[in-house]
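# Descriptive structure summary
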Amino acid sequence: EPEVTQTPSHQVTQMGQEVILRCVPISNHLYFYWYRQILGQKVEFLVSFYNNEISEKSEIFDDQFSVERPDGSNFTLKIRSTKLEDSAMYFCASRPTGIYNEQFFGPGTRLTVL
Amino acid sequence: ILNVEQSPQSLHVQEGDSTNFTCSFPSSNFYALHWYRWETAKSPEALFVMTLNGDEKKKGRISATLNTKEGYSYLYIKGSQPEDSATYLCAFFDSGNTGKLIFGQGTTLQVKP
């Protein structure tokens with residue numbers, strides 16, 4: 001069964017460093033998302049991506065964040081200069097067209113900023 | 001700001017008990033409500049996508065109901081088993097451009113053998 005994959009599963013970085021979180025969505029899906037969950041808080045939306053561009057972003061998604069779909073299969077989230085408060089579980093999700101379809105989630109990348 | 005709330009936050013039951021959780025969400029501009037099951041170190045797995053008022057969906061021992069007029073959904077687990085131990089998330093489908101999901105805080109279920 002097709003699944004969304006994410007790498008790495010755990011990333012530890014120093015404050016101020018750049019990180020790239022990688023996702024491979026399901027191949028025929030058209031909508032792509034990043035969410036995150038800070039420990040003890042709700043899963044929160046970061047950004048959505050459709051037709052090779054950002055279609056919506058949250059207030060959290062400031063200039064330090066960027067997303068890319070460089071080669072038609074990978075979907076990446078880059079954090080340019082990490083802060084302590086960026087420590088969270090980051091989830092990638094994708095869905096096919098049709099608003100009543102479920103979003104398929106990857107297993108997440110746990111980012112720890114020291 | 002759209003807000004989705006779940007209760008209880010956590011639940012401990014004995015194997016064989018039946019249990020239920022609540023998700024409350026905005027009753028205006030409703031399109032869909034998603035239920036997910038999330039086990040530690042695994043991907044959140046979709047259980048149901050609820051769309052119509054009065055909907056009732058079932059998957060094995062798990063079922064869900066939906067009341068869009070009053071803005072709540074219930075998830076029921078009949079005869080809980082240890083393998084049902086997980087966090088259950090509900091998510092409101094935001095009918096904006098991209099259909100992002102607005103999540104509740106989840107209910108963590110622990111089933112003791």
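Each value, and the rule that gives it
Residues numbered from 1 in each chain as written. Chains lettered and ligands numbered in written order. Predicted model: local features only at pLDDT ≥ 70, side-chain atom pairs only at ≥ 80, totals over all residues. Heavy atoms only, no water. Helix = DSSP H or I, 4+ residues; strand = E, 2+ residues; numbered from the N terminus. Rg over C-alpha atoms; globule rule 2.2 N^0.38 Å. Buried < 20%, exposed > 50% of the residue type's maximum accessible area, 1.4 Å probe, protein only. Contact = heavy atoms within 4.5 Å. Areas by Shrake-Rupley, 256 points an atom, 1.4 Å probe, with all protein chains shown as cover. Salt bridge = Lys/Arg side-chain N within 4 Å of Asp/Glu carboxyl O.

## Focus on the overall build of chain B
When you go through chain B residue by residue, the secondary structure sums to zero helices and 11 strands. Starting at the N terminus and walking to the C terminus, you meet the elements of chain B as β-β-β-β-β-β-β-β-β-β-β. By the compact-globule yardstick of 13 Å for 113 residues, chain B fits well, its C-alpha radius of gyration being 14 Å. When its C-alpha atoms are laid out on the principal axes, chain B stretches across 45 × 30 × 20 Å. Each of the 113 residues in chain B was classed as buried or not, and the buried ones make up 51%. The contacts of chain B with a sequence gap of at least 6 include a subset with a gap of at least 24, amounting to 53%. Total accessible area computed for chain B in this model is approximately 5400 Å², and 45% of it derives from carbon and sulfur atoms.

## A closer look at the environment of Leu30 of chain A
Residues and elements named next belong to chain A. Checked against the element boundaries, Leu30 lands in the loop between strand E3 (19-24) and strand E4 (31-37). The sequence separation of Leu30 and Val4 amounts to 26 residues, and the corresponding C-alpha distance is 13 Å. Setting aside anything within four residues of it in sequence, one finds Leu30 in contact with Phe49, Tyr50, Asn51, Arg95, Pro96 and Thr97.

## Concerning the pattern of salt bridges
In a structure, side chains of opposite charge can pair up when their charged atoms sit close to one another. With the rule as written, the count across this model stands at nine salt bridges over all chains. The partner of Arg36 of chain A in a salt bridge is Glu44 of chain A, with the nearest N and O atoms 3.0 Å apart. A relative accessible area of 22% places Glu44 of chain A in the partly exposed class. Taken together, the shared-partner salt bridges connect Arg37, Glu39, Lys42 and Glu45 of chain B into one network.

So far we have only geometry, and geometry alone does not tell us how the molecule works.
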